[in-house]
Amino acid sequence: MERNYWVHFVVVLCLGLFVGISCQNDSDTSITAVYIVTLKQAPAARFNGELRKETNVFNHRSPNRRNKLHRSRNNGSSHQSPESYITRVHDSLLRRVLRGEKYLKLYSYHYLINGFAVLVTSQQADKLSRRREVANVVLDFSVRTATTHTPQFLGLPHGAWAKEGGYETAGEGIVIGFIDTGIDPTHPSFADDLSENSYPVPGHFSGVCEVTRDFPSGSCNRKLIAARHFAASAITRGIFNSSQDYASPFDGDGHGTIAVYKALYKSFGGFAADVVAAIDQAAQDGVDILSLSITPNRRPPGLATFFNPIDMALLSAVKAGIFVVQAAGNTGPSPKSMSSFSPWIFTVGAASHDREYTNSIRLGNNVTIPGVGLAPGTDNDTMYTLISALHALNNDTTVANDMYVGECQDSSNFNEDLVQGKLLICSYSIRFVLGLSTIKQALETAKNLSAAGVVFYMDPFVIGFQLNPIPMRMSGIIVSSPDDSKILLKYYNSSLERDGFTKKITRFGAVASISGGLKANYNSSAPAIMYYSARGPDPEDNLLDDADILKPNLVAPGNSIWAAWSSLGTDSVEFQGESFAMMSGTSMAAPHVAGLAALIKQKFPSFSPSEVASALSTTASLYDKNGGPIMAQRSYANPELNKSPATPFDMGSGFVNATAALDPGLIFYSSYSDYMSFLCGINGSSPVIFNYTGQNCCMYNSTISGADLNLPSVTIAKLDQYRTVQRTVINIAGNETYSVGWSAPYGVSVKVAPTHFFIGSGEKLVLNIIFNATMNSSTASFGRIGLFGNMGHVLNIPLSVILKISYNTTNG
């Protein structure tokens with residue numbers, strides 16, 4: 001990014017040595033897999049009834065020193081930590097249950113959860129599950145990765161940064177742990193010597209910097225303060241490629257160089273066992289914020305989507321006071337495509353921002369076609385002759401010999417005399433998306449043939465692919481729309497002159513000029529929700545029942561984001577060897593919110609995760625730069641032509657407003673006990689909750705539904721006649737008088753009480769919200785409640801109602 005928050009980044013990527021591993025029993029029919037096993041005994045974080053470290057007794061530059069925190073008071077030795085004690089309990093259990101059998105323990109989880117990851121057969125896993133001290137046994141599953149002018153677009157330089165002392169101290173003292181594909185420590189974006197200010201490592205942090213050949217001593221500093229990598233589960237599967245994936249914190253992919261906790265890899269993605277290990281270690285190290293630009297490859301099976309090892313580990317992280325941000329996923333725009341489910345996780349979707357890099361090609365018939373490409377234009381708008389690669393083949397090449405020859409990947413296939421000085425037309429096919437063909441190679445072909453430039457048309461089979469502006473070192477353009485590509489080809493073909501007898505081309509009559517794409521344009525209709533950004537409603541279970549939880553929570557800049565790029569990054573082949581890359585996805589949006597959360601934590605150190613979430617949500621914007629409603633793209637094909645106003649299922653509370661979030665006025669607070677009461681309210685959940693948390697639902701006097709959680713939104717999946725919900729607000733500002741207004745979802749009447757109220761600083765107030773179904777409908781509808789303070793605070797609470805059942809439609 002162009003500006004780097006002075007928060008501390010942590011790369012977590014921890015791995016033991018695996019030498020001479022035998023992964024199977026003697027039986028040839030025995031198949032092993034990785035299982036995540038949790039025990040009923042409390043984890044180390046709860047040994048002394050406290051969840052966060054108070055002092056830093058661990059020097060992050062001394063990785064050989066042991067962490068002396070959280071010594072156990074439950075055993076006889078004063079020299080024994082809960083962590084080492086729990087690890088020995090794991091080892092002892094495995095020896096007793098699997099006596100004489102082969103197995104491999106990959107991790108001991110001991111801080112947020114008490115458990116371990118182990119490579120065993122299904123029969124061995126069954127033995128473990130029958131032990132009375134074992135709470136849960138879950139088969140490991142795969143995960144995947146789901147990025148600058150955006151500080152200006154978010155109003156930071158003259159807003160949030162200026163209000164809190166300037167960008168150089170923005171977020172100082174707050175530690176953000178990113179779980180992603182690692183980091184390139186040599187990149188200038190992570191240098192700590194660009195300011196005269198001293199930024200000491202926060203005293204509450206105790207992480208280490210792993211040293212390997214790829215990640216030498218000195219890689220960490222006062223900005224990048226720790227780095228580890230986790231790959232044990234991947235290694236046991238035999239899919240870890242050390243030459244591509246790097247057995248170190250180093251980022252060989254490129255996705256993560258805006259990030260830092262390495263549990264994902266270029267060649268295979270990642271696995272839950274490794275991600276849970278990263279989460280557990282990050283919490284133990286003392287991070288304040290966790291950012292996960294990852295999502296599961298499939299919806300978690302079982303009773304509810306919330307009950308999976310990653311979400312439950314993150315629930316423990318939230319209990320420890322850690323604010324958790326997760327990418328919504330890139331599976332939109334279809335409904336229920338959400339990949340981040342739980343109310344304790346802050347889920348971020350992707351929106352555009354106002355800076356665009358576009359170029360265009362002007363045809364000889366005065367038609368101008370837009371495109372993309374970070375490329376220079378042709379000289380002085382001079383018109384150059386167009387020639388298709390398929391019409392420039394040499395005598396030894398035919399399409400029958402090479403069906404991909406139109407992709408311009410090999411200059412030896414073409415007649416230089418025909419191409420020289422012309423604009424070469426090449427096909428952009430699905431092979432470019434898969435990395436089998438590249439823009440760079442096509443440009444090399446054009447250069448070798450002395451072409452004046454290159455024009456790519458979009459193959460009609462490439463639909464719904466987000467094409468980022470790609471750097472080109474010669475005049476060029478990619479016509480990203482299949483429909484516009486047809487216009488280009490129609491003009492080209494209609495301008496060919498052929499011999500009437502032989503049908504051979506005698507003259508290439510089509511001409512064109514390319515305008516440059518190196519200069520940014522500014523779009524006043526931003527932000528808009530990108531078509532790939534995952535949408536609600538939040539699926540509660542594998543049957544796609546709707547949850548009473550609004551997802552996403554909000555949206556942030558995620559499209560065409562300039563970001564630091566690993567020197568060896570390969571996630572986008574077109575940016576190989578570059579220092580910065582332009583990327584798109586909800587993975588790019590989530591880190592924006594993690595950085596803004598650091599500003600909130602810096603101003604309000606005592607804020608709980610739910611209060612940080614509330615400040616971000618209630619102050620989000622509902623309008624674009626023109627003052628009109630934020631629009632949402634609705635289709636893969638021609639997304640710019642298929643837009644309509646965004647709903648809460650597209651954008652949650654709206655587009656993040658960094659400056660307003662630092663002064664929210666009122667706050668909605670939800671505790672760990674609230675989340676537990678919600679989980680216990682799910683029918684049949686008691687044994688699952690006990691297995692994951694070791695807590696009995698009988699501990700909670702009452703259970704609540706998702707609609708009753710004290711969230712800064714209300715979602716009701718099934719409104720059967722009427723429903724009353726309550727929301728409690730806390731005033732963190734000065735004394736203020738508020739008026740309440742609302743718009744009701746279609747087919748529903750809404751009343752809020754009180755409609756006016758005075759609330760003193762530090763006081764609480766309960767809002768009663770009554771919903772009445774006025775018609776029968778299964779179509780989701782939306783509304784909002786607005787709280788308007790006389791001191792300038794404005795809060796928006798989105799309302800979503802899906803199924804409406806009315807037994808008295810005449811008097812509704």
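Residues numbered from 1 in each chain as written. Predicted model: local features only at pLDDT ≥ 70, side-chain atom pairs only at ≥ 80, totals over all residues. Heavy atoms only, no water.

### Notes on the overall build of the protein chain
Helix and strand counts for the protein chain stand at 18 helices and 41 strands. In the protein chain, which comprises 812 residues, the share counted as buried stands at 59%. (Helix = DSSP H or I, 4+ residues; strand = E, 2+ residues; numbered from the N terminus. Buried < 20%, exposed > 50% of the residue type's maximum accessible area, 1.4 Å probe, protein only.)

### Section: the pairing of strand S4 (residues 115-121)
When a strand is regular, its side chains alternate between the sheet's two faces. By the criterion of burial, S4 is predominantly enclosed, with seven of the seven residues buried. Covered by surrounding structure in S4 are Gly115, Ala117, Leu119 and Thr121 together with Phe116, Val118 and Val120, the residues of both alternating faces. Pairing between strand S2 (residues 32-39) and S4: seven bridges, direction antiparallel. Looking at the pairing, threonine 32 lines up with threonine 121 of S4. Summarising the sheet, strand S3 (residues 104-109) and S4 pair through five bridges and their orientation is antiparallel. If you follow tyrosine 109 over to S4, its bridge partner there is glycine 115. Where S3 folds back on S4, the antiparallel hairpin that results is connected by five residues. (Pairing = 2+ DSSP bridges.)

### Points about the pattern of salt bridges
One pass over the full model with this rule turns up 13 salt bridges. For glutamate 133, the salt bridge goes to arginine 131, with nearest N and O atoms at 3.3 Å. As a salt-bridge pair, glutamate 497 and arginine 507 come within 3.0 Å of each other at their nearest N and O atoms. With glutamate 497 in strand S23 (residues 496-498) and arginine 507 in strand S24 (residues 505-508), the pair connects residues that are ten residues apart, well separated along the chain. The class for arginine 507 is partly exposed, based on a relative accessible area of 43%. Salt bridges sharing partners connect three or more residues here, namely Arg96, Arg131 and Glu133. (Salt bridge = Lys/Arg side-chain N within 4 Å of Asp/Glu carboxyl O.)

### Quick word on the confidence of the model for the protein chain
When pLDDT drops low, the exact placement of atoms in the prediction is not to be read closely. Averaged over all residues, the pLDDT of the protein chain is 82; the fraction at 70 or higher stands at 82%. Considering only residues more than four positions removed or in separate chains, one finds that residues 47-79, a stretch of pLDDT under 50, has 85 contacts. (pLDDT = per-residue confidence, 0-100. Contact = heavy atoms within 4.5 Å.)

### Thoughts on the sheet that holds strand S22 (residues 476-479)
Across the sheet, seven strands lie side by side as S18-S17-S25-S19-S20-S21-S22; this open sheet has mixed pairing. Strand pairing shows two members of the sheet lacking a second neighbour, strand S18 (368-371) and S22, which therefore form its edges. On average, adjacent strands in this sheet sit at an angle of 30° to one another, irrespective of strand direction. Pairing geometry for strand S21 (residues 453-458) and S22, over four bridges, is parallel. Note on S22: the bridge partner recorded for phenylalanine 456 is isoleucine 478. Along the sheet, helix H12 (residues 482-494) makes contact with strand S17 (359-363), S18, strand S19 (384-388), strand S20 (423-428), S21, S22 and strand S25 (511-514), crossing S21 at roughly 120°. (Axes fitted to C-alpha atoms, helices over the stretch in contact; angles between N-to-C directions.)

### Overview of the packing of aromatic side chains
Under the criterion given, the structure shown has eleven aromatic pairs. Residues phenylalanine 432 and phenylalanine 456 carry aromatic rings whose centres are separated by 6.1 Å and whose planes lie at 75° to one another, so their mutual orientation is edge-to-face. You can see phenylalanine 432 sitting in helix H10 (residues 430-433) and its partner phenylalanine 456 sitting in strand S21, a full 24 residues away along the chain. Taken together, the ring pairs connect Tyr107, Tyr109 and Phe230 into an aromatic cluster. It is arginine 237 that lies over the ring of phenylalanine 271; its NZ or CZ is 3.8 Å from the centre. (Phe/Tyr/Trp six-rings, centres within 6.5 Å; stacked < 30°, edge-to-face > 60°. Lys NZ or Arg CZ within 6 Å of the ring centre and 35° of its normal.)

### Notes on the packing of helix H8 (residues 309-319) against helix H17 (residues 672-680)
For any two helices packed against each other, one specifies the crossing angle of their axes together with the interaxial distance. At a closest axis distance of 9 Å, the pairing of H8 and H17 adopts a crossing angle of 150°. In terms of axis orientation, H8 runs roughly antiparallel to H17. Note on element contacts: H17 touches H8 through Tyr672, Tyr675, Met676 and Leu679, opposite Met312, Leu315, Val318 and Lys319. By residue class, the composition of the contact of H8 with H17 is seven nonpolar, no polar and one charged. (Parallel < 35°, antiparallel > 145°, perpendicular 65-115°, else oblique. Nonpolar A, V, L, I, M, F, W, Y, C, P; charged D, E, K, R; others polar.)

### What about helix H11 (residues 439-448)?
Within the span of H11, buried status applies to Ile439, Ala442, Leu443, Thr445 and Ala446. Seen from one end, H11 has its buried residues packed into an arc of 155°, which puts them on one side. Where H11 is buried, its residues touch S20, H10, S21 and S22. Positive backbone phi, approximately 60°, marks serine 450, located one or two places after H11. (Arc of directions from axis to C-beta.)

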